[in-house]
Each structure stands twice: as structure tokens, then as C-alpha cells.
Amino acid sequence: MYVTINEDKCIGCNACIRVCPVHEANRAVINKENNHSIISINKDMCISCGECVKHCEHGARAFEDDTERFFGAVRSGKKVTVVVAPAFRLTEPDSDAMLAHLRQLGVNLIYDVSFGADICTYMHIKAIKEKKVSKVMSQPCAALVEYILKHRHNMISMLSPVHSPISCTAVYLRKYANVSGDIACLSPCIAKKFEFEETGLIQYNVTFRKFAEYMKKNFTYDKSQKFRFDNVPAYCGKIYPKPGGLKDCLLNVMPNLDVRNSEGVSHVYGELDYYAAADKNDRPDVYDILSCSHGCISGPGTNFDESRLFSYMKKAESLEASSFHERRRQKAFNTDKQFKWFEKHLKLDDFIRQYTPKNTNNHPASDHAINEAYAALMKKTHTEKHFDCGACGYKTCEEMASAIAKGINFPESCHQFSVKKIELEQQHANEANLLIQSQNEHIISAINEITDDIEKICTDSNGINELCINNSSEMNNINEIIGILNEKCEEIHSAVNGIIDVNKQYKEISESIKGITDQTHILSMNASVEAARAGEAGKSFSIVAQEIRTLASNTRNATGTIDESEKLVNVETAKVLEIAKEIEKVASNLSSAISQVNNNIDNTLASGNVIKETAEDIRSSADRLRS
């Protein structure tokens, strides 16, 4: 495959598919970097006809040849012979100067392929006369030969066995001129490289375009130089580049021969199918076919300028007139000096080519796969399946469905699919808009409810703030009361401690009384004893002693009661102290709780402010959403 693609320049316009005679040679893929389709090349399917190169407006398609390698061989001193296709002199204004300079660079020989075309014409006539061929297609066009070898194996036997003019020239050089070394061909065709590789006759395919570019870029040469080829003169072979060139050459010799011609991708490839299906008797003796619509002068390897078409054709017609004039000067076929020499020195078998079919595994898609492709394309009706707008690059929707079924294209390349997809997306968008509108209404309703709730929140927040402020004031009053309570507890403590101190003094007095009582009791006992001793005289004293004893006893009993009371006082005083401590503890806990409540109130006030500010923000956002 010698056609190349620059994926950075490909925009997926499908022009290459549109003009390609082999749709399977193009594969649509998605460029991940910019997410658009690019059309890559399947090298096993491509026949290098070059139509995509001609019609790509974006410079994404180009081709490779052997120009650099050829000049490298020449510079290194390698022995190289050059054969030049006749279209070069028709399309390049400086052709003679370039060829003269090429000779100066040291090439071995430079031959005119027109001479090989004369051999080709002669060998066709010889093969027809000797009945070695009948009803054949010509094969000078390498793209068409490659097409048949790859994609129409049933037509290989219909190809003329006679070599192309270029290969006839190479055979002549090898076998009859004893030329050694490599042979390079200055050709108008990208696909000639296939022919050269398959036959092994020529080592370099140097296209006109790249040869001229290289010469102009790397050398300065005298444009006025004249040039003569190294071969003997050629005649009618000079007109082979024009449409029907072989036909005219054959009819000039055999006027009654049935020769028809067809050119151009848009015609010839389809006509091949008609040719194959036609009854053999209906086929012409020779079917002269070329892939390029204006013949070899418009080959993809040339600098063909369509605006100069009539200039090319006038030049070709002038060349044709002079060539046929030269041929007629040799009188009839039987005395044609050139053909007579060919008859004497050249053997037909040396100029016969053998063809080998190439397996591309290009199988038709099944009906089931095509139906699935139609489904993927959303094409259901007969009209939809035969819309055939050609925007995808294929002539029919069926071809597009087949490409999808084969995995070499995808539905997004179809214009109608894209339109339907947009319509569906628009429908979905409308449905989504309706849903969004409905949801917006719900949202607005919810926003209104939220706004009302926010108003309540703000009102309640203000109430909370007021309550918190009041509670804070009440808590301050309670704190003051607790402070007073603490003071009273302190006073109770002080009073109880005073009672304890008085009780201690009272106890001390009680102890003193108790001691006095004991002493009085002892004195009363002693007085009673002394009164008893005194007898009658001490009788009155005895009464006094008895009263004193009774007083002492009562006093003792009283001090005992005092002791009991003192114990009860101590117990109750201890209870009072314990109660006072509990009151202090409760007051302390209450004070801590009140402090915590105050903190909570402060936090509540702060949170209330935050809630209020948040509510205001939400209300503001709700107002914006509503508007």
C-alpha cells in the first residue's frame, strides 16, 4: 500500500470513500484527541489508484514512491537505467531539460516507454492473430490489474497476458539489450509499484510529481536543453497515455478488430462487473481500460492540472498525428519496418505475464448483519433504506449498511442518522425541559413553603432571643438569690458555731455545778452525821442537812438533764451543720448549673443569630430563584 494518510489533517469529510472503487479499503475510526471521524486505509484492500489523493481537499492523503531511494542509488554511482512513461513529455514543460540533466548525473541509459508500448501493441496483434488470446481486457493500468487480483478473482483469466508497455520495455532491456543493473521507471502511477514488485522487472517507481519536485529543489539545470532517448525511434506507442491509446494503436493496424475503451473510476469499475456478466460473444476483442478519467496524463503521480486539459489533449493529438504519419510512411503492416523487426527478433512468450491472485478476505456481509446495521442506523422503512444521499461517501444506504456490518464504518457517519439522532435528542431535550419546568414549579412551591417556614424561623428565632435574654436576666436574679443564700448559710454556720461555743461554756458551768453538787452532797452527808451525833440539839440541823442533800440531789438530777440536753443540742447542731453543708452543696451545684445555662443561653443566642442570618441568606437565594 503506497497511499498514506496524515490523520492530523483528516476531518472525516468522506470524499475519499466517495471516489474509492474499493470501499473496504477505507475504515472510519474516531480520532480520540478531537472526537471526530478520520478515514484510515486498509493496506490489504487498497489498490493505490490514487483517486483519494486527487480528491482530498485537506492534504490528508498522499503517496510514497522510490524517488529518494532512486537518487540515492544514482549519487552512490550505482548502475541504473531509466525508462520514461510517455505521459511525462505531455505533462511536464521542462521534461527534456530534466531528462538531459538526469543523464548528466550519471544514469546508465534512458529509454522511452513509447518503444515498449509499440512492442505491447505488436504482441497483442500477434497473440490475436495466432489465436492465443480472445476477448481480453488490456492491462497497462496497474490499478485495475491490482483490483482484479485482489477483488475480482473470477476475472483474472480475462486479463490480457501481454505485459504492460513499461514491463515490455524492461523485458526488452533485460533480454534483448543485455542491460544489467537496476531499472527505474519514471511513471505517472502510484500502483505501478505493485506491478514492479510482482514481476521483479523494475526496482524503482519514481513518479513524475516527486521527480520534478526533487529536480527543482536540488538541481539547477538549463531549461533550453534538448534530449534524445537511447532507444530506437518509437511510433504510435507515444499515444498510450491518452484515453483509448491502445485502442487507436490496434485499430490503426487491424481496423476490423472490435476494441472498446472505458476510463475513469466512476465508470470503469462498475463496467467491469457488466463485462464479467456479459455473454462472451458480446464482449469486445480487446477492452481497453484505464482507471484515470483522462488517461495516464491525469495519473495521481503526475502534476496534472485539469484547467490545462485541452492543452494536454491538443499536444496529445498533435503527437498522435505525427506518430501515425510516421507509421503510415512504413506502408502496410506486412512491410512495417518496426513490426517486421519485432517479428524477426522478439518472442511473444518473453512478453507474457503470469498473474497470481491475492487473498484479501473480503467477504460480503450477511443479510442478518446488514439488517442489524439498518437497525443501528434507525432505518426501518423502504424509503429510509433507500434514501441514498451519499453524504456518508457511499452511493447507497445499502453500501453504508454493509460497511457498518463489516465494521469499517459506524452510524454516526450517516447524515440521516445524525439528523434523527438530533431529533431524538431534541425530543429528549423537550421532554427534559418539560420535566425541568414541572420540577421548577415544584421547586418554586417548595421555595415558597421554605420561605414561609423561614419567616416562622426568623420570628421564632427573635422570640428565642427575647426569651434567652429574659432567662439570662432571671438567671442573674437567681444568682443573686443564691449569693444571699450562701451568705445566710455562712451566718447559720457562724450561729451554729456560736451555739457550739455557748454549749461548751454551758457544759463547763454544768461540770462546775456538778462538782459543787457532789461536794454539797458530801457536806450534807457529813452534816447529817454530825446532827445525829448532836442528838436533839442537832435535830434542826439534820433537817437543814436533809434539805441540802435534797437540793444536791435535785441539782445532780438537773445537771444530768443538762448533760442530756447538751447531747441533744450537739446532735441537732450537727444536723444543722450537715443541712447547711447540703444547702451549700446544692447552692454550688445550682450555681454551676446556672453558669452552664447562661453559657447555653449565650450559645443559643449565637446559634439563633446564625440561624437568623442563614434564614436571611436562604430567603435571599429563594427570592433569586423565584425571579
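Keep in mind the model is a prediction, meaning the values are calculated, not measured. (Residues numbered from 1 in each chain as written. Predicted model: local features only at pLDDT ≥ 70, side-chain atom pairs only at ≥ 80, totals over all residues. Heavy atoms only, no water.)

## Observations concerning the overall build of the protein
Helices and strands together make up the secondary structure of the protein, namely 19 helices and 11 strands. Taken across its 627 residues, the protein has 44% of its residues classed as buried. A separation of at least 24 residues holds for 77% of the contacts in the protein among residues at least 6 apart in sequence. Split by element, the accessible area of the protein, about 33,100 Å² in all, is 53% carbon and sulfur. (Helix = DSSP H or I, 4+ residues; strand = E, 2+ residues; numbered from the N terminus. Buried < 20%, exposed > 50% of the residue type's maximum accessible area, 1.4 Å probe, protein only. Contact = heavy atoms within 4.5 Å. Areas by Shrake-Rupley, 256 points an atom, 1.4 Å probe, with all protein chains shown as cover.)

## Re the pattern of salt bridges
Applying the stated criterion to the full structure yields 24 salt bridges. E320 is the salt-bridge partner of K242, the closest N and O atoms lying 3.9 Å from each other. Placement of K242 in the loop between helix 10 (208-218) and helix 11 (245-253) and of E320 in helix 13 (residues 309-328) is noted, with a sequence separation of 78 residues between them. No difference in accessibility class separates K242 from E320, as the two residues are buried. One salt-bridge network, held together by shared partners, links E146, K150, E198, R353 and K358. (Salt bridge = Lys/Arg side-chain N within 4 Å of Asp/Glu carboxyl O.)

## Regarding the sheet that holds strand 5 (residues 80-84)
The parallel open sheet is built from 4 strands, whose spatial order is 6-5-8-9. The open sheet has two free edges, formed respectively by strand 6 (110-112) and strand 9 (204-207), since each of these has just one partner strand. Across the sheet, the axes of successive neighbouring strands diverge by a mean angle of 25 degrees, strand direction being ignored. Relative to strand 6, strand 5 runs parallel, the two sharing 3 bridges. Among the inter-strand pairings, V83 is bridged to a residue of strand 6, identified as Y111. Contacts from helix 6 (residues 113-129) reach strand 5 and strand 6, with the element oriented near 45 degrees to strand 6. Across the face of the sheet, helix 8 (residues 165-175) comes into contact with strand 5, strand 6 and strand 8 (182-187) while running at roughly 155 degrees to strand 8. (Pairing = 2+ DSSP bridges. Axes fitted to C-alpha atoms, helices over the stretch in contact; angles between N-to-C directions.)

## Remarks on the packing of helix 7 (residues 142-151) against helix 9 (residues 192-199)
Across the interface, helix 7 lies against helix 9 with an axial gap of 8 Å and an inter-helix angle of 65 degrees. Side by side, helix 7 and helix 9 meet where A142, E146, L149 and K150 of the first sit next to K192, F194, E195 and E198 of the second. Among the residues making up the contact of helix 7 with helix 9, the classes are represented as 3 nonpolar, no polar and 5 charged. (Nonpolar A, V, L, I, M, F, W, Y, C, P; charged D, E, K, R; others polar.)

## Here we look at the sheet that holds strand 11 (residues 286-290)
Strand order in this open sheet of 3 strands is 7-11-10, and the pairing throughout is parallel. For this open sheet the edge positions go to strand 7 (136-137) and strand 10 (259-263), each flanked by a neighbour on one side alone. With 5 bridges connecting them, strand 10 and strand 11 associate as parallel partners. Each bridged residue has a counterpart across the sheet, and for E263 the counterpart in strand 11 is L290.

## Describing the environment of D8
Tracing the backbone shows D8 in the loop between strand 1 (3-5) and helix 1 (15-19). As a C-alpha pair, D8 and I38 span 30 residues in sequence and 8.9 Å in three-dimensional space.

## Some details on the side chain of S187
Position of S187 among the secondary structure elements: in strand 8. A relative accessible area of 0% means that S187 is categorised as buried. Engagement of the side chain of S187 in a polar contact is seen with the backbone oxygen of C189, the distance being 3.2 Å. A polar contact of 2.6 Å, which involves the side chain of S187, links it to the side chain of N205. Those residues in contact with S187 that sit more than four places away from it in its chain are A85, I166, K192, N205, V206, T207, F208 and G301. (Polar contact = N/O pair within 3.5 Å; in protein donor to acceptor, adjacent residues only side chain to side chain.)

## Remarks on the packing of aromatic side chains
The full count for this structure, using the stated rule, is 23 aromatic pairs. Ring geometry for Y2 against F194: centres 5.0 Å apart, planes inclined by 55 degrees, an arrangement best described as tilted. With Y2 in the segment before strand 1 and F194 in helix 9, this residue pair connects regions lying 192 residues apart in the sequence. Side by side, Y2 and F194 carry an identical accessibility label, which is buried. With 5.3 Å between their ring centres and 35 degrees between their planes, F304 and Y312 make a pair best called tilted. Classification of F304 as partly exposed rests on a relative accessible area of 21%. With a relative accessible area of 1%, Y312 lands in the buried category. In this structure an aromatic cluster arises from ring pairing among Y111, F115, Y122, Y172, Y176, F339, W341, F342 and F351. Residue placement shows R283 over the ring face of Y275; its charged tip is 5.2 Å from the ring centre. Positioned over the ring face of Y374 is K385, at 5.0 Å from the centre of the ring. (Phe/Tyr/Trp six-rings, centres within 6.5 Å; stacked < 30°, edge-to-face > 60°. Lys NZ or Arg CZ within 6 Å of the ring centre and 35° of its normal.)

## Looking at unusual backbone geometry
The general pattern is negative phi for most residues beyond glycine and trans for most peptide bonds. You will see that K135, though not glycine, has its phi angle at about 55 degrees, which is positive. Locating K135 in the fold gives a position in the loop between helix 6 and strand 7. Although it is not a glycine, D388 adopts a positive phi angle of roughly 50 degrees. When you line up the elements, D388 lands in the loop between helix 16 (382-385) and helix 17 (397-406).

## Overview of the nonpolar core
M137, Y269 and L272 are the most contacted members of the largest nonpolar core, which totals 58 residues. Of all elements in the fold, only helix 1, strand 3 (36-41), helix 2 (51-55), helix 7, helix 12 (265-277), strand 11, helix 15 (367-376) and helix 17 reach the threshold of two or more residues within this core. Counting residues per element, this core draws most heavily on helix 7, which supplies 7 residues. Apart from residues lying up to four places away in sequence, L272 is in contact with M137, L144, Y147, M155, Y287 and I289. Membership of the second largest hydrophobic core comes to 45 residues, among which are Y111, M123, I166 and V171. (Core = buried A, V, L, I, M, F, W, Y, C linked by side-chain atoms within 4.5 Å.)

## Notes on helix 7
Most of helix 7 sits inside the fold, with 10 of its 10 residues counted as buried. Among the residues of helix 7, A142, A143, L144, V145, E146, Y147, I148, L149, K150 and H151 are the ones counted as buried. Elements in contact with the buried residues of helix 7: strand 7, helix 9, helix 12 and strand 11.

## Some details on the pairing of strand 3
Most of strand 3 sits inside the fold, with 5 of its 6 residues counted as buried. Where strand 2 (residues 26-31) meets strand 3, 6 bridges bridge the pair, whose relative direction is antiparallel. If you follow V29 over to strand 3, its bridge partner there is I38.

## Re the packing of helix 7 against helix 12
Geometrically, a packed helix pair is captured by the angle between its two axes and the distance between the axes. Two numbers describe how helix 7 lies on helix 12: the axes approach to 12 Å, and their chain directions differ by 40 degrees. Viewed along their axes, helix 7 and helix 12 adopt a mutual orientation that is oblique. Crossing of helix 7 over helix 12 shows right-handed handedness. Contact residues: helix 7 offers A143, L144 and Y147, while helix 12 offers V268, Y269 and L272. Among the residues forming the contact of helix 7 with helix 12, the class breakdown is 6 nonpolar, no polar and no charged. (Parallel < 35°, antiparallel > 145°, perpendicular 65-115°, else oblique. Left-handed = near helix turned anticlockwise from the far one by under 90°.)

Honestly, it's all geometry; don't read function into it.
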